Amino acid sequence: MRKSTSQQATSQQTGKNATDDFGDKPFQQQAYVSQSDAPGAAAPGSLTPEADLPRWATRAPEGEKLESTQYADRVQHDLSFVKAAPGVAKPDPILVADNITRKFGGVTAVDVQHFEIERHGITALIGPNGAGKTTFFNLMTGFDTPNTGTWEFDGKPLKSESPEQVARMGMVRTFQLTKVMSRLTVMDNMLLGAPVQPGEGMLAALFPARWRKQEEKNREKAERLLKRFLLWKKKDDFAGSLSGGQRKLLEMARALMSDPQLVMLDEPMAGVNPALKQSLLDCIMALRETGTTVLFVEHDMNMVRHIADWVTVMAEGKIVAEGVPKNVMSDQAVIDAYLGARANIDLGDDAALEKLEEEQHE
Ligand SMILES: Nc1ncnc2c1ncn2[C@@H]1O[C@H](COP(=O)(O)OP(=O)(O)OP(=O)(O)O)[C@@H](O)[C@H]1O
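A brief look at the structure comes next.

Definitions and cut-offs
- Residues numbered from 1 in each chain as written.
- Predicted model: local features only at pLDDT ≥ 70, side-chain atom pairs only at ≥ 80, totals over all residues.
- Heavy atoms only, no water.
- Near = heavy atom within 4 Å.
- Polar contact = N/O pair within 3.5 Å; in protein donor to acceptor, adjacent residues only side chain to side chain.
- Areas by Shrake-Rupley, 256 points an atom, 1.4 Å probe, with all protein chains shown as cover.
- Helix = DSSP H or I, 4+ residues; strand = E, 2+ residues; numbered from the N terminus.
- Nonpolar A, V, L, I, M, F, W, Y, C, P; charged D, E, K, R; others polar.
- Salt bridge = Lys/Arg side-chain N within 4 Å of Asp/Glu carboxyl O.
- Buried < 20%, exposed > 50% of the residue type's maximum accessible area, 1.4 Å probe, protein only.
- Pairing = 2+ DSSP bridges.
- Axes fitted to C-alpha atoms, helices over the stretch in contact; angles between N-to-C directions.

Around the ligand, the surrounding shell holds 14 residues, and the nearest of these are N129, G130, K133, T134 and T135. At 2.8 Å, a backbone N or O of G130 approaches an oxygen atom of the ligand. A distance of 2.5 Å is found between an oxygen atom of the ligand and a side-chain nitrogen or oxygen belonging to T135. Computed on the free molecule, the ligand has an accessible area of 630 Å², of which 60% lies beneath the protein chains in the complex. Only strand 2 (107–118) and helix 5 (133–140) provide two or more residues apiece to the shell around the ligand. In terms of residue count, the dominant contributor to the shell around the ligand is helix 5 (three residues). Of the residues that constitute the shell around the ligand, the class distribution is five nonpolar, seven polar and two charged.

In structure tokens:
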């Protein structure tokens, strides 16, 4: 069979068959080149055919996990060969949705023909207010039911699963308006996020030593996460006493108690003060480093540019554009339709972003 252009590029660089290189050798030893940089490679813009993508997707060997930033390097490498087109196939998708529609009366909130999320990547879902982003999240996670469509998480169909079952399968989400339990302490909120609550079943009650050990483990995990999310000092405070930004951090930390494979964050930056924003960005990037896939909805373009490996644009319920951030966010149609004045704001310039937000609210 003819090699894909990406395989040719890698083979030319390493002198070996690219298929041998993916998967069974440590990433550091591999010499990857981007398709357009490779000597004799196809002209820029001629991308790998969709059918070839899964064959050469970089994956950790069975039963192993990659270390640290290798996930970012691999996912960005793989996605650099994917065509920037709505509904395009990805090399190693963890979530695949087909023909998803949701109508509210006469309004079609979601009408997604095909959508894939690349495993281990950070994907941003952007679009104007009312584009259908939150409804799409609700549908994928069992909080709402589509009129039509099918979707699979890690190869398993999800159509009739409840939110609890979806979470148990490894896909968890946070909400635009946080759903932390105000009258519980921060630590108790975290323990609620643990996958199995010790002592719940009759069987567990018969073996107290076992559930005590499990609870100890849950507390240790909660402690690690609360430290990472800068909330450790608040562990005994009621969640209701936290600021909006701290609640976002708590909700995200709680979602991680079940070691999810995919985390879906709905506007994680909304209402978070600039001082906490950087911590939040760091926490999300740290998630990718531990092998967790992230999908987030966000209006904060600063964040999207900083951390996304891939950007998907929704408008009027449909996926209208997809690609790597620098391409999508410089696409004139996307700028006209959505980014507008947000497009040229300097990276990291919170003051400029806040000024713009104020202007828009005037
Ligand atoms: N429960 C509902 N009942 C009726 N209409 C709804 C409902 N939920 C969403 N909609 C409508 O569906 C459309 C998509 O809304 P949705 O909240 O998913 O958009 P969004 O992209 O998340 O917007 P935002 O960025 O403002 O959060 C909107 O027209 C909205 O009014």
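Now that the structure has been shown, we can carry on.
Now for the pattern of salt bridges. For the coordinates displayed, the defined rule picks out 13 salt bridges. Here D144 and R102 are joined by a salt bridge, their closest N and O atoms 2.9 Å apart. Remark: R102 occurs in strand 1 (residues 93–104) and D144 occurs in the loop between helix 5 and strand 4 (148–153); sequence separation between them is 42 residues. R102 matches D144 in its accessibility class, with the two residues each being buried. Of the charged contacts in the structure, one is a salt bridge between D300 and K277, with a shortest N-O distance of 3.5 Å.

Okay, the sheet that holds strand 3 (residues 122–126) next. Here we have six strands laid out as an open sheet, ordered 6-7-8-3-9-10, and mixed in their pairing. Each edge of the open sheet carries a strand with a single partner, namely strand 6 (171–173) and strand 10 (318–323). The mean inter-strand angle of the sheet, taken between neighbouring strand axes irrespective of direction, is 20 degrees. Taken together, the five bridges between strand 7 (residues 262–266) and strand 8 (residues 293–297) define a ladder with parallel strand orientation. Opposite L262, over in strand 8, you have T293 as the bridge partner.

All we've got here are geometric facts, nothing functional implied.
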